[in-house]
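Listed below are the residues making up each chain.
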Amino acid sequence: LANMALVLVILPADAEGYMFVLTLFVSVIVTGVLAPDVKKTSSFGLAVLMFARLSDNVDYQYLHDYWVDTLIGFALGLPAFFIPFPAQSLTRGHKYCGVLANNISSAIQGICDSFWTSRMQREFNLVRLRILHKSIGISLDEIDKMLGATTYELHAGVTMARLEARRNLLMKLLEVVRAGTVVIDNISKQPWNIETKICEMMGARLGGPVRLLATSVDQLLLLIADCNTPLTKRDFLAFERAFADFEEEIRSAQEEMMLFNEGYEPELADLYLGCFLFQIREICVLVGGFQDPTDAPSLFWRVWLRAPYDWIKGMFLSIVYVTKAFANQEVPRKVKEAI
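Bear in mind that the values here come from a model prediction, so they are computed numbers and not experimental data.

Undergrad: Quick question: what am I supposed to make of the overall build of the protein here?
TA: Check the secondary structure of the protein and you find 12 helices and zero strands. Listing every helix and strand of the protein by position from the N terminus yields α-α-α-α-α-α-α-α-α-α-α-α. Restricting the contact set of the protein to residue pairs at least 6 apart, pairs at least 24 apart contribute 82%. For the protein, the computed accessible surface area is about 19700 Å², with 62% contributed by carbon and sulfur atoms.

Structure representation (structure tokens):
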């Protein structure tokens, strides 16, 4: 680009032949490695230059002005593209990660509070869950957008790996939350299906452990959402104790009310109860099994060193392709397709 600027800006009148060869070479590079819109722009410049070469009445001033404007725009746009992004994309990605974790945690608490409750309270919880789902979708789109932007920032691989690991965890939790919302919605349509003696007894035994476990999940999930603070084993202690108490209470209640109860008969409520407890257990398994990445491939090689290598490789392949096209007399047809 510096060489082209020197030829086009300083010596536009004394380097017509060299400018033609240089523009042709740049067009080959651009056509080989850049986006379709840039290919069209390069083909446009090459076509104008070729017509200028064939006609005595057309000079090079039009193409000269075009490339000067392109270089000025490139010089002004490049710093504006790179400088703000390190301060914006990663910071906003962390922000929306916290918002997404908070919304999912609120949805988990809403599901846990909607099984053993009144019909009116269940309806209120469902309205809140639907609103949370819309907010979750917006936050997830923003995280994906920020992840795409941070690929070209000067960050360590571990920094990006932490954000991606948290995004993947939240996506898995979201799938479970959606399934739990469907269960609560079905219960809301036919609430009498769970208004049985067994469900009431199970609610008396498991209501407290479920609420305690939901609170522990909320606290741990907010800690996980903080990408700047590495997790330690101490952060999982309260959650692990609550999960162990929940599992023990389920086992004890099942043995007392179902397995060793001779008067027990299976009911439709057992299906809803089983789905509800399974989803809570799945949420706990996902949150408890999260591991903070400690090592990841360096972005310096993947983005800042590998990209020039790929560009040079693509340029070489493009030159080989153009050479073969000249040898096979396919140039006129390829030029028409490019334009």
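After presenting the structure, the write-up continues.
Undergrad: Is there a simple way to think about the nonpolar core in this case?
TA: Note on soluble globular proteins: their nonpolar side chains tend to be buried together. Core analysis: the biggest nonpolar cluster contains 65 residues, and Ile104, Leu173 and Leu213 have the highest contact counts within it. Looking at this core, the elements with two or more residues in it are helix H5 (85-112), helix H6 (119-150), helix H7 (157-189), helix H8 (197-225), helix H9 (237-259) and helix H10 (268-288). Sequence-distant contacts of Ile104, that is, excluding residues within four places in its chain, are made with Ile136, Leu170, Leu173, Leu174, Val177 and Leu221.

Undergrad: I'm lost on empty space enclosed by the protein in this one. Help?
TA: If a probe as big as a water molecule is rolled over the atoms, it shows which places are left empty. Enumeration over the complete set of coordinates arrives at two cavities of 30 Å³ or more. As for the largest cavity, its lining consists of Ile108, Cys112, Leu213, Ala214, Val217, Ile280, Ile283 and Cys284. Elements that contribute at least two residues to the lining of the largest cavity include exactly H5, H8 and H10. Looking at the lining of the largest cavity residue by residue, the class counts come to eight nonpolar, no polar and no charged. Of the voids in this model, the second largest cavity is the one considered here, and its volume is about 30 Å³. Contributing to the lining of the second largest cavity are Ile108, Ile111, Cys112, Gln279, Ile280 and Ile283. Counting residues per element, the ones that place at least two in the lining of the second largest cavity are H5 and H10.

Undergrad: Just to check I follow, could you spell out the environment of Pro209 for this structure?
TA: Note on placement: Pro209 falls in helix H8. Sequence separation of Pro209 and Ala244 is 35 residues, and the distance between their C-alpha atoms is 9.8 Å. Not counting residues up to four positions away in its chain, the partners in contact with Pro209 are Phe246 and Glu249.

Undergrad: Teacher, can you tell me more about the packing of H8 against H9 here?
TA: The relative placement of two packed helices comes down to the angle between their axes together with the axis-to-axis distance. Two elements in contact, H8 and H9, have axes whose closest approach is 9 Å; the angle formed by their N-to-C orientations is 170°. One element, H8, and the other, H9, form an angle in the roughly antiparallel class. Within the contact between the two elements, H8 uses Ile198, Met201, Met202, Arg205, Leu206, Pro209, Val210, Leu212, Leu213, Ser216, Val217 and Leu220 and H9 uses Ala238, Phe239, Ala242, Phe243, Phe246, Glu249, Ile250, Ser252, Ala253, Glu256, Met257 and Met258. Residue composition of the contact of H8 with H9, grouped by class: 19 nonpolar, two polar and three charged.

Rules of the game
Every chain begins its residue count from 1, and numbering advances along the sequence as written. The model is predicted, so local features are restricted to residues of pLDDT at least 70 and side-chain atom pairs to those at 80 or more, both for listing and for counting; the totals for chains, interfaces and linings are taken over all residues. Processing note: side-chain calculations cover all non-hydrogen atoms of the structure and skip hydrogens and water entirely. Here a helix means four or more residues in a row that DSSP labels H or I, a strand means two or more in a row labelled E, and each is numbered from the N terminus. For this analysis, residues touch if any pair of their heavy atoms sits within 4.5 Å. Throughout, the Shrake-Rupley method with a 1.4 Å probe supplies accessible areas, and for residues the shown protein chains are the sole cover considered. For this analysis, a nonpolar core means a set of buried residues of the types Ala, Val, Leu, Ile, Met, Phe, Trp, Tyr and Cys, connected via side-chain atoms within 4.5 Å. Exposure categories follow from relative accessible area, calculated using a 1.4 Å probe and restricted to protein chains: below 20% of the type maximum is buried, above 50% is exposed, and the middle band is partly exposed. The way it works is a 1 Å grid over only the protein atoms, where trapped points that fit a 1.4 Å probe form a cavity and open points with protein on both sides within 12 Å along at least five of seven lines form a pocket, and then any residue with an atom within 4 Å of a point lines it. Grid points are joined across faces, edges and corners, and a volume is the space filled by probe spheres set on the points. Think of it as three bins: nonpolar holds Ala, Val, Leu, Ile, Met, Phe, Trp, Tyr, Cys and Pro, charged holds Asp, Glu, Lys and Arg, and polar takes everything else, Gly as well. Between N-to-C directions, angles cover 0 to 180 degrees, with each direction set by a line fitted to C-alpha atoms, over the stretch in contact for helices. The scheme is simple: roughly parallel for angles under 35 degrees, roughly antiparallel for over 145, roughly perpendicular for 65 to 115, oblique for anything else.

So yeah, pure geometry; function would need other evidence.
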